[in-house]
Each structure stands twice: as structure tokens, then as C-alpha cells.
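Below are the chains, spelled out letter by letter.
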Amino acid sequence: MISEAQFQNELQLLISNAIREDVGDGDHSSLACIPADAVGSAKLLVKDQGIIAGVDFAKMIFNYVDPNLKIEVFIEDGAAVKYGDVVFHVHGSSQSILKAERMVLNSMQRMSAIAKKTSSYVKLLEGTDTKILDTRKTTPGFRVAEKWAVKIGGGENHRFALYDMIMLKDNHIDFAGGVGLAIAKTKSYLKENNKDLKIIVEARDLNEVNEILSEGGVYRILLDNFDYEMTREAVKIIGTQSLTESSGNINEETIRQYADCGVNYISSGALTHSVYNMDLSLKAI
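First, a word on what this report is: a plain description of the structure on this page. (Residues numbered from 1 in each chain as written. Predicted model: local features only at pLDDT ≥ 70, side-chain atom pairs only at ≥ 80, totals over all residues. Heavy atoms only, no water.)

### What to know about the layout of surface pockets
Approximately 420 Å³ is the volume attributed to the largest pocket. Of the residues that constitute the lining of the largest pocket, the class distribution is four nonpolar, nine polar and seven charged. The calculated volume of the second largest pocket comes to roughly 330 Å³. For the lining of the second largest pocket, the secondary structure elements donating two or more residues are helix 1 (4–23) and helix 4 (94–124). Along the lines of polarity and charge, the residues of the lining of the second largest pocket split into five nonpolar, five polar and four charged. (1 Å grid on protein atoms, 1.4 Å probe; cavity = no way out; pocket = protein on both sides within 12 Å on 5 of 7 lines; lining within 4 Å. Points joined across faces, edges and corners; volume = space filled by probe spheres on them. Nonpolar A, V, L, I, M, F, W, Y, C, P; charged D, E, K, R; others polar. Helix = DSSP H or I, 4+ residues; strand = E, 2+ residues; numbered from the N terminus.)

This is the structure we're talking about:
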């Protein structure tokens, strides 16, 4: 994963671009009817149930729009919430509150949905040593917030993007001329470019698992679309030579069975691409 400094920079870039997109040359609805010196308060109201996420991100958004806004938090990120709960109050310039409103809601609604889904997967893995990972199947431009939401929900982040980890999947392997060649070329590339990146390699069958192990130096082996029997066998073959990860259409019905096969990680794109936003609203008080 990227450094904390990079992560924070990505968040600031997300906020600045989203506010630029939404506000443009001004929130003319507010400018037209609300005095510049008007002061007000609003509450973040939960109209659903689940896991709240994005509270700290909302504070960053409000601060970007207007550092003079004051936020009083009642429910922190990662807490369970129900209909009628009030997460925070925000107080200050009415125009500033309205300028930030839509981005705060859009972000928190989606982040909370992701946190809820992740939390449900984490609960299904209780009692095992398997951890749940996200993927790069994220909303363009919103990845950093979605990956933050996975962490809030109790999951772990996979690589952030293409630049912070090597991941050789089926197309890389086929274009490179085979799994062995793909790994060998990757090691040479990293050495020639003085890069220290972990290598993950996808295996499509047990023969490829053995070929990957013969090359050595692979941080994690991705067992893609393996059935339970093949997964158990692969885990046995790999032992402690590499970490293991299962992926490929794993859902609530199958995740526990894959964990029981002994893999270290299960990755799921569904954490970020198949969620329904939590119903939240920002109401004047």
C-alpha cells in the first residue's frame, strides 16, 4: 500500500476535484437567497441502519470549504447506527454548510455502505485466520475514500494502484509467454529499475502453482476461481513458501468455506462495486 502521506494527498486531491466539479464559479442557489454573514447549524441524520463511515472525511471536507466551520461528533467512524441517530452537528456559515453538503453526503453514504458490507464479510470470517481484502474495482476518482471505508469496516487494503505492487494476472502471464517467464522478467525489471515492490502472481491451476513456487521470490499466490478441493491442495503445496489469496466470485455463501481451506486472504471486488448507499441526510436545525 501507499504511504500515509500519499494517502492523505490523495484525499486532498479527491476533495478539491469534487468541490470544483460541484461548485464551479459559485453555489448560486445559496448566494442568491442567503446573506453572506448568515450563520446556521445542521445535523447528519441516519435514515438507515449499518456501519457509519466517512465522519473524519466529512470533517476534512468541511475544513476545506471553510476552516471556520465547527463540527461536534456524536458517533465515530466504524460504529453501528440505526434510523434516527444523529452522527454530528456542523455550525457556522450557512453558505459554507450548503456548499459542502452534497459532497459530504455522497461520500458518507457510499463509504458507509462499503463499511457495512466489509463488516459483514469480516464477521463471516470470525474464528479463522483469513483476512478480507479489497481490489482495484473502485469508482474512478473515489478510490482512496472507498479503500478507507474498507479499513473502517474491518477489512484490509490490497495494493492501492498499479504502481505500488506487482500483480501478474492471466493476461500478463499470457502476453509474457508463460508464468515462469513473467516472473523472471519481473525480477529483472525490478532489479534494473531499483524498485522494491512485492510480487503477487495469479495461478489458474495446480501446475501453475508449482511453476510459481519453482521460480521463488513471490510474496503471494492468487488462487483464482479454484474450487474448494483445489484450494485446499494448493494451500498444502504452498505451505509457508508464499502467502495465499483466494478470489473469483466469492460471496456471502462461499466465503467461509474458502477461509476454511486455509488461505491467508480472500479478495472481493464486491466490497466496493456492489453496494447500496446508506440513506443519510443533512438537515438544518
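There's more to say after this.
### Notes on the sheet that holds strand 11 (residues 265–267)
With respect to topology, six strands assemble into an open sheet ordered 6-11-10-9-8-7, the strand pairing being parallel. Strands with a single pairing partner mark the edges of an open sheet, and in this sheet they are strand 6 (131–133) and strand 7 (166–168). Between one strand axis and the next, the sheet turns through 25° on average, direction left out of account. As defined by bridge partners, strand 8 (residues 199–203) adjoins strand 9 (residues 220–224) across four bridges and the pair is classed as parallel. In the sheet register, Val201 faces strand 9, and the bridge partner there is Ile221. Taken strand by strand, helix 8 (residues 206–215) contacts strand 8 and strand 9, and its axis lies near 155° from that of strand 8. (Pairing = 2+ DSSP bridges. Axes fitted to C-alpha atoms, helices over the stretch in contact; angles between N-to-C directions. Contact = heavy atoms within 4.5 Å.)

### Here we look at the packing of helix 8 against helix 9 (residues 228–238)
Look at helix 8 against helix 9: their axes get within 10 Å of each other, and the N-to-C directions meet at 15°. It follows that helix 8 is roughly parallel to helix 9 by the angle criterion. For the pair helix 8 and helix 9, the crossing hand works out as right-handed. Contacts from Leu206, Val209, Asn210 and Leu213 in helix 8 reach Met230, Glu233, Ala234, Ile237 and Ile238 in helix 9. Here the contact of helix 8 with helix 9 is composed, by residue class, of seven nonpolar, one polar and one charged. (Parallel < 35°, antiparallel > 145°, perpendicular 65-115°, else oblique. Left-handed = near helix turned anticlockwise from the far one by under 90°.)

### A look at unusual backbone geometry
Its identity as a non-glycine residue notwithstanding, Asn194 has a phi of 50°, on the positive side. Positionally, Asn194 belongs in the loop between helix 7 (179–192) and strand 8. We note that Asn225 has phi near 60°; this positive angle belongs to a residue other than glycine. Here Asn225 is to be found in the loop between strand 9 and helix 9. On the accessibility criterion, Asn225 (49% relative accessible area) is partly exposed. (Buried < 20%, exposed > 50% of the residue type's maximum accessible area, 1.4 Å probe, protein only.)

### Some points on the nonpolar core
Counting 82 residues, the largest nonpolar core has Phe57 and Phe88 as the members making the most contacts within it. Top contributing element to this core by residue count: helix 4, with 11 residues. (Core = buried A, V, L, I, M, F, W, Y, C linked by side-chain atoms within 4.5 Å.)

### Brief notes about the pairing of strand 10 (residues 243–247)
Summarising burial for strand 10: four of the five residues are buried, a large majority. In this sheet, strand 10 lies alongside strand 9 in parallel orientation, the contact comprising five bridges. Within strand 10, the position partnered with Leu223 by the bridge is Ser246. Across two bridges, strand 10 lies against strand 11 in parallel orientation. Within strand 11, the position partnered with Ser246 by the bridge is Ile266.

### Looking at the side chain of Asp66
Here Asp66 lies in the loop between helix 3 (55–65) and strand 3 (70–73). In this structure Asp66 is buried but unpaired, with Lys99 as the nearest side chain of opposite charge at 8.0 Å. Side-chain polar atoms of Asp66 contact the side chain of Ser96, separated by 2.8 Å. When neighbours within four sequence positions are excluded, Asp66 is seen to be in contact with Ser93 and Ser96. (Lys, Arg positive; Asp, Glu negative; His and termini not counted. Salt bridge = Lys/Arg side-chain N within 4 Å of Asp/Glu carboxyl O. Polar contact = N/O pair within 3.5 Å; in protein donor to acceptor, adjacent residues only side chain to side chain.)

### Here we look at the environment of Ala113
In this structure, Ala113 sits in helix 4. Contact partners of Ala113, with chain neighbours within four places excluded, come to Val275, Tyr276, Asn277 and Met278.

### Examining the pattern of salt bridges
Tallied over the full model, the rule gives nine salt bridges. In this structure, Arg110 and Glu146 form a salt bridge, with 2.6 Å as the shortest nitrogen-oxygen distance. Linking Arg110 in helix 4 with Glu146 in helix 5 (residues 143–152), this pair joins segments that are 36 residues apart in sequence. Accessibility expressed as a relative area gives 17% for Arg110, which makes it buried. By relative accessible area, Glu146 is classed as buried at 0%. Among the salt bridges present, the one from Lys147 reaches Asp134, with a minimum N-O distance of 2.8 Å. Taken together, the positions of Lys147 in helix 5 and Asp134 in the loop between strand 6 and helix 5 put the pair 13 residues apart, joining distant regions of the chain. The pair Lys147 / Asp134 is uniform in exposure class, with both members buried. In the salt-bridge network here, residues are joined through shared partners; they are Asp174, Arg204 and Glu208.

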